[in-house]
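Listed below are the residues making up each chain.
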Amino acid sequence: MSHIALVTLVVRDYDEAIAFYRDALGFDLVEDTDRGDGSRWVVVRPRGAADRTGLLLARAKDEAQGAAVGAQTGGRVGFFLHTEDFAADHERMRAAGVRFLEEPRHETYGSVVVFEDLYGNRWDLLQPAA
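Residues numbered from 1 in each chain as written. Predicted model: local features only at pLDDT ≥ 70, side-chain atom pairs only at ≥ 80, totals over all residues. Heavy atoms only, no water.

Named according to an unreviewed UniProt entry, the protein is VOC family protein originating from Streptomyces californicus.

Take a look at the structure:
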């Protein structure tokens, strides 16, 4: 086994999730295939991350799955988005309306700031130290 290909993120709506990840975070829409039963196979991935881990955006199918939207990691940071230009990506995301939960920090391991996706899942934007 060489890598994790996809991680599922349960969402309320395919199109609003695509818009957030594509437009606010700058991800590429890798695939959006109608599965014929009202569901879709939707994969997004950080721009330039070909052959790396992507997110499978899966619309909640029932009440139990709907309850998990935005709380998939119990309120902890559960997703880590690496960048090579922290300041530029932070500013671009801020201008796109991404909600940051703190001011950027510069730690021994790198520059980091916590943000929420459109459902409240917590992410780190992180530029690792050289």
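This is not the end of the story, as more comes after the structure.
Novice: Tell me about the sheet that holds strand β4 (residues 54-59), residues and numbers included.
Specialist: The 4 strands are arranged β1-β4-β3-β2 in an open sheet whose pairing can be described as mixed. Each having just a single partner strand, β1 (6-11) and β2 (27-34) make up the two edges of the open sheet. In this sheet, neighbouring strand axes are inclined to one another by 25 degrees on average, regardless of whether the strands run parallel or antiparallel. When β2 meets strand β3 (residues 40-46), the two strands line up antiparallel, connected through 7 bridges. If you follow Glu-31 over to β3, its bridge partner there is Val-43. The sheet contacts of helix α1 (residues 14-24) involve β1, β2, β3 and β4, and relative to β4 the element is tilted by about 155 degrees. (Pairing = 2+ DSSP bridges. Helix = DSSP H or I, 4+ residues; strand = E, 2+ residues; numbered from the N terminus. Axes fitted to C-alpha atoms, helices over the stretch in contact; angles between N-to-C directions. Contact = heavy atoms within 4.5 Å.)

Novice: Any chance you could break down the nonpolar core for me, citing the residues and the numbers?
Specialist: The biggest cluster of nonpolar side chains holds 27 residues, and the ones touching the most others in it are Tyr-21, Leu-57 and Phe-115. Contributing elements (two or more residues each) for this core: β1, α1, β3, β4, β5 (77-82), α3 (86-95), β8 (110-116) and β9 (122-128). In terms of residue count, the dominant contributor to this core is α1 (6 residues). If we skip the residues at most four places from it in the chain, Leu-57 touches Leu-9, Val-11, Tyr-14, Ala-17, Ile-18, Tyr-21, Val-42 and Val-44. (Core = buried A, V, L, I, M, F, W, Y, C linked by side-chain atoms within 4.5 Å. Buried < 20%, exposed > 50% of the residue type's maximum accessible area, 1.4 Å probe, protein only.)

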